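# Breakdown of the fold
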Amino acid sequence: MTTQLTVTEKRPGATTPPAPRPARRGGPRGHRPWTPWLYLLPALAVLGGLLVYPVYQLGLISFLEYTQAQVSGGEPTSFKGFGNYTTLFADPQFWQVLLATVLFAAACVVTTLAVGCALAVLLTRVRALLRFVLMMAALGAWATPAITGSTVWVFLFDPDFGPVNKLLGLGDFSWTYGRYSAFALVLLEVVWCSFPFVMVTVYAGIKAIPSEVLEAAALDGASQWRIWRSVMAPVLRPILVVVTIQSIIWDFKVFTQIYVMTNGGGIAGQNLVLNVYAYQKAFASSQYSLGSAIGVVMLLILLAVTLVYLRLLRRQGEEL
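Below, the structure is looked at part by part. Everything numeric here is computed off the predicted structure, so don't read it as measured data.

## A word on the overall build of the protein
When you go through the protein residue by residue, the secondary structure sums to 14 helices and two strands. Counting over 320 residues, the protein shows a buried share of 33%. Of the contacts formed within the protein by residues at least 6 apart in sequence, a portion of 66% connects residues at least 24 apart.

Here is the structure:
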């Protein structure tokens, strides 16, 4: 048995189809990898002016001898290196204020998240009219300036004219006299003006969850707490990460509420937090370099907390 092989010969004058051109580097139609940066350039320029340069100046002043004498030109500015940080870390009051700031911020964050998430779930259970009223009331609290809200809360809890003491029968009890009662009062105001952000964000995430999933969990006999813990929370984890980090940043650098409601940090500085402590050092004592050093420490702490939190999520395989 013979096999016939057919060989196609190239005919004279026949044309060969052109070979496909190699794809251009950088994407279709001459796209360059640096093209997205051109669109981001205006925003980066604004951020550089509003963020990078102030942080640079903050760090620079923290390494200098910069007091009222240098500001007025009476003495030349000199380089101190880490001298301001050495002075700061050797001050026992700094560590007391740092501990109080961390505990106060942690209490504010946990309470804000608990209230915001609970109200977000409540919004999914009530009728449209009541939901609209709750949303408007929460957004009104969110839109209120911090100094206005702090002043209103001080009046509400005033020992002489405030309605809260009369309703609770506390007489002339002063909420701002004791250290813990003053911190509790400020915590309530901070949560009051912060929970709407958490509530609205988490509510939007809940509405994005398919209703069939929640109905199936309810039909299986899961309680509301079990549905939140086993169904909603895992789906909402990226959103919860955002609101948690944002709340940490906001509550760690609280200034207006403490300054207004405790009259600059409380009796003998018992209600000081780092932001108010830095203000007192920089402007009340004219130690601008020491106040800048406190600002740098706060910045590093917030960066460390954010990076550690994101790293833990990466290890769990979460996508942000």
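## Here we look at the pattern of salt bridges
Inspection of every chain in the model, using the stated rule, returns one salt bridge. Of the charged contacts, one joins Glu65 and Lys80 as a salt bridge, the two residues approaching to 3.3 Å between their closest N and O atoms. Taken together, the positions of Glu65 in strand E1 (residues 64–65) and Lys80 in the loop between strand E2 (78–79) and helix H3 (83–89) put the pair 15 residues apart, joining distant regions of the chain.

## Considerations on the environment of Leu122
The residue Leu122 is located in helix H4 (residues 92–123) in this model. Here Leu122 falls in the partly exposed class, since its relative accessible area comes to 38%. Through-space distance from the C-alpha of Leu122 to that of Tyr203 is 9.1 Å; in sequence the pair is 81 residues apart.

## Some remarks on a nonpolar patch on the surface
Taken together, the side chains of Trp34, Trp37, Leu38, Tyr39, Leu40, Leu44 and Leu47 present a nonpolar region at the surface, about 830 Å² in accessible area. Within the fold, Leu47 resides in helix H1 (residues 35–61).

## Overview of the nonpolar core
A general feature of soluble globular proteins is that nonpolar side chains tend to end up buried together. Ranked by internal contacts, the top residues of the largest apolar core, which has 36 residues, are Leu88, Phe94, Phe104, Ile258, Leu274 and Tyr277. Here Ile258 is in contact with Phe183, Val186, Asn263, Gly264, Gly265, Asn271, Val273 and Val276, once residues within four sequence places are set aside. Core analysis: the second largest hydrophobic core is formed by 26 residues, Met135, Phe195, Phe197 and Ala217 among them.

Cut-offs applied
Residues numbered from 1 in each chain as written. Predicted model: local features only at pLDDT ≥ 70, side-chain atom pairs only at ≥ 80, totals over all residues. Heavy atoms only, no water. Helix = DSSP H or I, 4+ residues; strand = E, 2+ residues; numbered from the N terminus. Buried < 20%, exposed > 50% of the residue type's maximum accessible area, 1.4 Å probe, protein only. Contact = heavy atoms within 4.5 Å. Salt bridge = Lys/Arg side-chain N within 4 Å of Asp/Glu carboxyl O. Patch = residues over 30% accessible without salt bridge, like charges linked within 9 Å, V, L, I, M, F, W, Y side chains within 5 Å. Areas by Shrake-Rupley, 256 points an atom, 1.4 Å probe, with all protein chains shown as cover. Core = buried A, V, L, I, M, F, W, Y, C linked by side-chain atoms within 4.5 Å.

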